[in-house]
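Structural characterization, general
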Amino acid sequence: MGNDIVDQIRVAMIDCQTDQVLELVPKAIDKGIVASEIVNRGLTAGIRVLGDRFEKGEAFLPELAVAAETMKQALDFLEPHLAKSVDEEALGTIVIGTVQGDIHDIGKSIVATMLTVAGFTVHDLGVEVTPAQFIAKTKAVNADIIAMSALLTTTMDRMQETIDLLKSEKLDTRVKIMVGGAPVSQQFADSIGADAYGVDFNQAVKIAKRLTGHSND
Ligand code: B12
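Looking at helix α9 (residues 201-211), one finds that the buried residues are Phe-201, Ala-204, Val-205, Ile-207, Ala-208 and Leu-211. Angularly, the buried residues of α9 cover 165° about the axis, an arc narrow enough to put them on a single face. Where the residues of α9 are buried, they touch α3 (35-55), β1 (93-98), α5 (106-117), β3 (145-149), β4 (176-180) and β5 (196-197). Two residues or fewer past α9, Gly-213 is found with a positive phi of approximately 75°.

Here it is in structure tokens:
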């Protein structure tokens, strides 16, 4: 029964019904549904359908923008609930950002939030981050991991450039690279020499723990 409301959230996202989404999300929490399930099966599933429609010319940029804003507001509400079930041990330092030329920040921001609540110190550089900016911040905060997000097939290659720069600075033996974003795959991650690829924020946390020696998953 409780799951129906997550499906309603997904449908309301697809229909760009901001008010309805923002009404249903607190209701779902009241019903005891886990926040990460609302994000994954509700909000994210819905916005992806909208993206597919956009690709086919059945939805337009203003609709994507409304959905993105709705998603951000819903995530603001959900953030304290996402933070609930985790320990607060300091696990390591991560520099995260969306790569140069790419302004998609919703997925990157959820990943940053979840890494923070899992106990990492996270420096979020925002969007359109150049390879030089990633490396400068990594040096400045002595980061353990660089986490890069890309949502466009045209911007994925910036990840390779950051890895190349990391290597030329001889930091690649110490600093690990993890990558993600809708067009990114394990195969792509392997091809550019990234240490890990994560399909969603749950995996991002698991991977970061593994890369910093806090789990064997
Ligand atoms: C919302 C949206 C927008 C919003 C972005 C708002 C914002 N502030 O982010 C707006 C309207 C601004 C926008 C603009 C554009 N968009 Co857009 N957008 C989307 C849409 C519908 C959803 C993206 C999203 O937020 N998803 C929800 C989040 C939660 O999911 P996610 O980002 O994938 O993140 C999860 C995982 O991937 C992973 N993850 C993400 N990052 C990382 C990082 C690490 C390290 C790890 C481990 C994991 C990880 O974890 C996240 C959480 O679980 C997608 C469709 C899609 N299928 O992705 C199109 C999409 C990405 N956009 C697309 C396009 C073409 C554009 C534009 C070029 C359109 C235009 N003509 O102007 C511009 C881009 C401008 C630019 N230079 O960047 C295309 C890209 C096609 C391609 N092959 O490259 C898509 C796929 C739509 C489509 N099917 O055509 N867009």
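Turning to the coordination of the cobalt atom of the ligand, a few remarks are in order. What the protein offers the cobalt atom of the ligand as a donor is a single atom, His-104 (NE2), at 2.3 Å. Topologically, His-104 is positioned in the loop between β1 and α5.

Lining the immediate environment of the ligand, one finds 37 residues, of which Arg-48, Ile-103, His-104, Asp-105 and Ser-149 sit closest. Arg-48 is positioned with one of its side-chain polar atoms (N or O) 2.7 Å from an oxygen atom of the ligand. With respect to the ligand, the backbone of Phe-201 contributes an N or O atom lying 3.1 Å from an oxygen atom. Sorting the residues of the shell around the ligand by element identifies α3, α4 (61-82), α5, β3, β4 and α9 as the ones contributing at least two each. Looking at side-chain class alone, the shell around the ligand contains 21 nonpolar, 10 polar and six charged residues. Composition of the shell around the ligand by domain shows at least three residues from each of domain 1 (2-82) and domain 2 (93-211).

The rules behind the values
Residues numbered from 1 in each chain as written. Predicted model: local features only at pLDDT ≥ 70, side-chain atom pairs only at ≥ 80, totals over all residues. Heavy atoms only, no water. Buried < 20%, exposed > 50% of the residue type's maximum accessible area, 1.4 Å probe, protein only. Helix = DSSP H or I, 4+ residues; strand = E, 2+ residues; numbered from the N terminus. Arc of directions from axis to C-beta. Contact = heavy atoms within 4.5 Å. Donors = N, O, S within 2.8 Å, 3.2 Å for Na, K, Ca; no water. Near = heavy atom within 4 Å. Polar contact = N/O pair within 3.5 Å; in protein donor to acceptor, adjacent residues only side chain to side chain. Nonpolar A, V, L, I, M, F, W, Y, C, P; charged D, E, K, R; others polar. Domains from an automatic or database assignment.

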